[in-house]
Amino acid sequence: MAFVELWLYGMRDESARAPLAQWLQTVRDAHAKEAAEQADDLPVPADQLSALLLALDIGVGLQRWLDPQAVPAEVYTAGLKAILGRGRD
């Protein structure tokens, strides 16, 4: 829940927006680096993939907090496979 509060604070207070954006960029950079190291055949450029992965992290997490029965943990793994083009098990 602290993440949601931080996000809302950044949305409301322009002075807090830049540090929050920098933190998110740091996370995207880490995702991009890891993705580039893990695979040669990325479905999209690493910087775009990192934004998609962060969106998956945040989106599935927020939904799961509110309704864990409707959004089981397996949704995250399925999303990763779909984004990475790895298909279904």
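Let me sum up the structure you'll find in this document. All figures in this text were calculated on a predicted structure; none of them were measured in a lab. (Residues numbered from 1 in each chain as written. Predicted model: local features only at pLDDT ≥ 70, side-chain atom pairs only at ≥ 80, totals over all residues. Heavy atoms only, no water.)

### A short note on the overall build of the chain
Scanning the chain from N- to C-terminus turns up four helices and zero strands. On the principal axes, the C-alpha backbone points of the chain span a range of 40 × 30 × 15 Å. In the chain, which comprises 89 residues, the proportion classed as buried is 19%. Partitioning the contacts of the chain with sequence separation of at least 6, the portion at a separation of at least 24 is 36%. Looking at the chain as shown, the accessible area adds up to about 6500 Å², and 59% of this sits on carbon and sulfur atoms. (Helix = DSSP H or I, 4+ residues; strand = E, 2+ residues; numbered from the N terminus. Buried < 20%, exposed > 50% of the residue type's maximum accessible area, 1.4 Å probe, protein only. Contact = heavy atoms within 4.5 Å. Areas by Shrake-Rupley, 256 points an atom, 1.4 Å probe, with all protein chains shown as cover.)

### Things to note about the side chain of serine 50
Mapped onto the fold, serine 50 is located in helix 3 (residues 46-66). Judged by its relative accessible area of 2%, serine 50 falls in the buried class. Sequence-distant contacts of serine 50, that is, excluding residues within four places in its chain, are made with Arg28, His31 and Ala32.

### Observations regarding a nonpolar patch on the surface
Side chains of Trp7, Leu8 and Met11 sit close together on the surface and give an oily, nonpolar patch of about 280 Å² of accessible area. Residue class for methionine 11 comes out exposed when judged on its relative accessible area of 54%. (Patch = residues over 30% accessible without salt bridge, like charges linked within 9 Å, V, L, I, M, F, W, Y side chains within 5 Å. Salt bridge = Lys/Arg side-chain N within 4 Å of Asp/Glu carboxyl O.)

### Quick word on the environment of arginine 86
Relative to the elements of secondary structure, arginine 86 occurs in the segment after helix 4 (74-84). Since its relative accessible area comes to 45%, arginine 86 is described here as partly exposed. Along the chain, arginine 86 and lysine 33 lie 53 residues apart, while their C-alpha atoms are 19 Å from each other. When residues no more than four places from it in sequence are discounted, the contact partners of arginine 86 are Ala39, Asp41 and Lys81.

### What to know about the packing of aromatic side chains
Here the structure, examined in full by the defined rule, presents two aromatic pairs. Relative to tryptophan 7, the ring of phenylalanine 3 lies with its centre 5.7 Å away and its plane at 50°, an arrangement referred to as tilted. One end of the pair, phenylalanine 3, and the other, tryptophan 7, are both in helix 1 (residues 2-12), four residues apart, so they sit about a helical turn from each other. Ring plane angle 55° and centroid distance 6.1 Å describe the contact between phenylalanine 3 and tryptophan 23, whose orientation is recorded as tilted. Remark: tryptophan 23 occurs in helix 2 (residues 14-38) and phenylalanine 3 occurs in helix 1; sequence separation between them is 20 residues. Cluster of aromatic residues (ring-pair linked, three or more members): Phe3, Trp7 and Trp23. (Phe/Tyr/Trp six-rings, centres within 6.5 Å; stacked < 30°, edge-to-face > 60°.)

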